[in-house]
Amino acid sequence: MIGERAEDRTVLRIGGSDAHSFLKGLVTRDAGDGLTYSALLTPQGKYLADFFLLDRGDDVLLDVKIACAPVLAQRLSIYRLRADVVIEEAGLAVTRGLGDVPEGAYPDPRDASLGWRAYGEEGGEPTIDWDALRVAACVPETGVELVPNETYILEADFDRLSGVDHRKGCYVGQEVTARMKHKTELKKGFVTVKVDGAAPVGTEIVSDGKLAGTLYTQAGGTGIAYLRFDRAKGVMLAGDAQVTWPGTSV
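Residues numbered from 1 in each chain as written. Predicted model: local features only at pLDDT ≥ 70, side-chain atom pairs only at ≥ 80, totals over all residues. Heavy atoms only, no water.

## A short note on the pattern of salt bridges
Okay, step 1: If you walk through the whole model with that rule in mind, you get 20 salt bridges.
Okay, step 2: Among the ionic pairs, Lys168 bridges to Asp30, the shortest N-O distance being 2.6 Å. Taken together, the positions of Lys168 in the loop between helix 3 (130-137) and helix 4 (174-183) and Asp30 in the loop between helix 1 (19-24) and strand 3 (35-41) put the pair 138 residues apart, joining distant regions of the chain.
Okay, step 3: Judged by its relative accessible area of 9%, Lys168 falls in the buried class.
Okay, step 4: In this structure, Arg134 engages Asp131 in a salt bridge whose closest nitrogen and oxygen atoms are separated by 3.2 Å. Note that Arg134 and Asp131 are positioned in helix 3 at a spacing of three residues, about one turn of the helix.
Okay, step 5: Judged by relative accessible area, Asp131 falls into the partly exposed class, the value being 39%.
Okay, step 6: A cluster of three or more residues bridged by salt bridges with shared partners is formed by Arg9, Asp63, Asp108, Arg110 and Arg117. (Salt bridge = Lys/Arg side-chain N within 4 Å of Asp/Glu carboxyl O. Helix = DSSP H or I, 4+ residues; strand = E, 2+ residues; numbered from the N terminus. Buried < 20%, exposed > 50% of the residue type's maximum accessible area, 1.4 Å probe, protein only.)

Below you can see the structure in the form of structure tokens.
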């Protein structure tokens, strides 16, 4: 299998006779056919961690960013109670690539432009600019745009990224998420913006002297920004960079 290793990812194994029912009551989208994108939220509906799930029948693999894995495993263990559930390192490398999906690999469910992922032996040296692909598709990244205990997944467009199932049963944080989905209009969220210049990730965006949002990952004259929509007008400033949102007129 040709691909490159995802050096910042690890794989947890969720096993035991209660593994599937255990996850079903916790995460925003259940493991299903192929690869599933999902998340664990706080009871207040805020993001804790996002990950990919792969149902292998007897167990479920959980592909998560290495930096988040210890906290995620600890939180899952708290919810385990008396359930027959094993949470452990799977000992599998994450490989990803672009182009035709090789046998044994799975399309990235968030966006077709992000290629495929596979689990097993390590791939080759990383060469693909994944940040540029993410920016073009407006896909937020763990620990960059997605901030634990702060981000709301609907503002991060998890609907478009196939990261939440509003028809499934209860999961942690469902009540808040459902209320945001059905009873409110989103006033903030992640969008792709045009960037003239550059600014450090996390730079505040100012419009007419008012805070309008935050600029995050940038590539090729575009960037991912978290904007307050009612203030995101005209040419905005993020440090020394000029920012415009194509969703509004300049």
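## Remarks on the sheet that holds strand 5 (residues 60-65)
Okay, step 1: Read from one edge of the open sheet, five strands run 3-4-5-2-6, paired in antiparallel fashion. At either margin of the open sheet sits one strand with a lone partner, and together these are strand 3 and strand 6 (86-89). Along the sheet, successive strands turn relative to each other by an average axial angle of 30°, direction set aside.
Okay, step 2: Relative to strand 5, strand 2 (residues 9-15) runs antiparallel, the two sharing six bridges. By the bridge assignment, Ile14 is partnered in strand 5 with Val60.
Okay, step 3: Where helix 2 (residues 69-80) meets the sheet, its contacts fall on strand 2, strand 3, strand 4 (47-55), strand 5 and strand 6, and the angle it forms with strand 5 comes to roughly 140°. (Pairing = 2+ DSSP bridges. Axes fitted to C-alpha atoms, helices over the stretch in contact; angles between N-to-C directions. Contact = heavy atoms within 4.5 Å.)

## Section: the pairing of strand 9 (residues 116-120)
Okay, step 1: Burial analysis of strand 9 places four of its five residues in the buried class, which makes it a mostly covered element.
Okay, step 2: Two strands pair when backbone bridges link them, and strand 7 (residues 93-97) and strand 9 are joined in this way by five bridges, in the antiparallel orientation. Residue pairing for strand 9: Ala93 is matched across the bridge by Gly120.
Okay, step 3: Relative to strand 9, strand 8 (residues 106-107) runs antiparallel, the two sharing two bridges. When the sheet's bridge partners are listed, Pro107 is paired in strand 9 with Trp116.

## Let's talk about the environment of Ala19
Okay, step 1: Position of Ala19 among the secondary structure elements: in helix 1.
Okay, step 2: Take Ala19: its relative accessible area is 0%, and that puts it in the buried class.

## Some details on the layout of surface pockets
Okay, step 1: Put simply, the largest pocket is a space of about 300 Å³.
Okay, step 2: In terms of lining, the largest pocket is formed by 17 residues, of which the most central are Glu150, Glu155, Lys188, Thr214 and Tyr226.
Okay, step 3: Elements supplying a minimum of two residues to the lining of the largest pocket: strand 10 (188-196), strand 12 (210-219) and strand 13 (222-228).
Okay, step 4: Counting residues per element, the lining of the largest pocket draws most heavily on strand 12, at five residues.
Okay, step 5: When its residues are assigned to classes, the lining of the largest pocket shows eight nonpolar, three polar and six charged.
Okay, step 6: Approximately 230 Å³ is the volume attributed to the second largest pocket.
Okay, step 7: Along the wall of the second largest pocket there are 17 residues; nearest its centre are Asp8, Arg96, Trp130, Arg134 and Glu141.
Okay, step 8: Of all the secondary structure elements, the ones that give two or more residues to the lining of the second largest pocket are strand 4 and helix 3.
Okay, step 9: Examining the composition of the lining of the second largest pocket, we find that three residues originate from one element, helix 3, more than from any other. (1 Å grid on protein atoms, 1.4 Å probe; cavity = no way out; pocket = protein on both sides within 12 Å on 5 of 7 lines; lining within 4 Å. Points joined across faces, edges and corners; volume = space filled by probe spheres on them. Nonpolar A, V, L, I, M, F, W, Y, C, P; charged D, E, K, R; others polar.)

Geometric descriptors of this kind do not, in isolation, establish any biological role.
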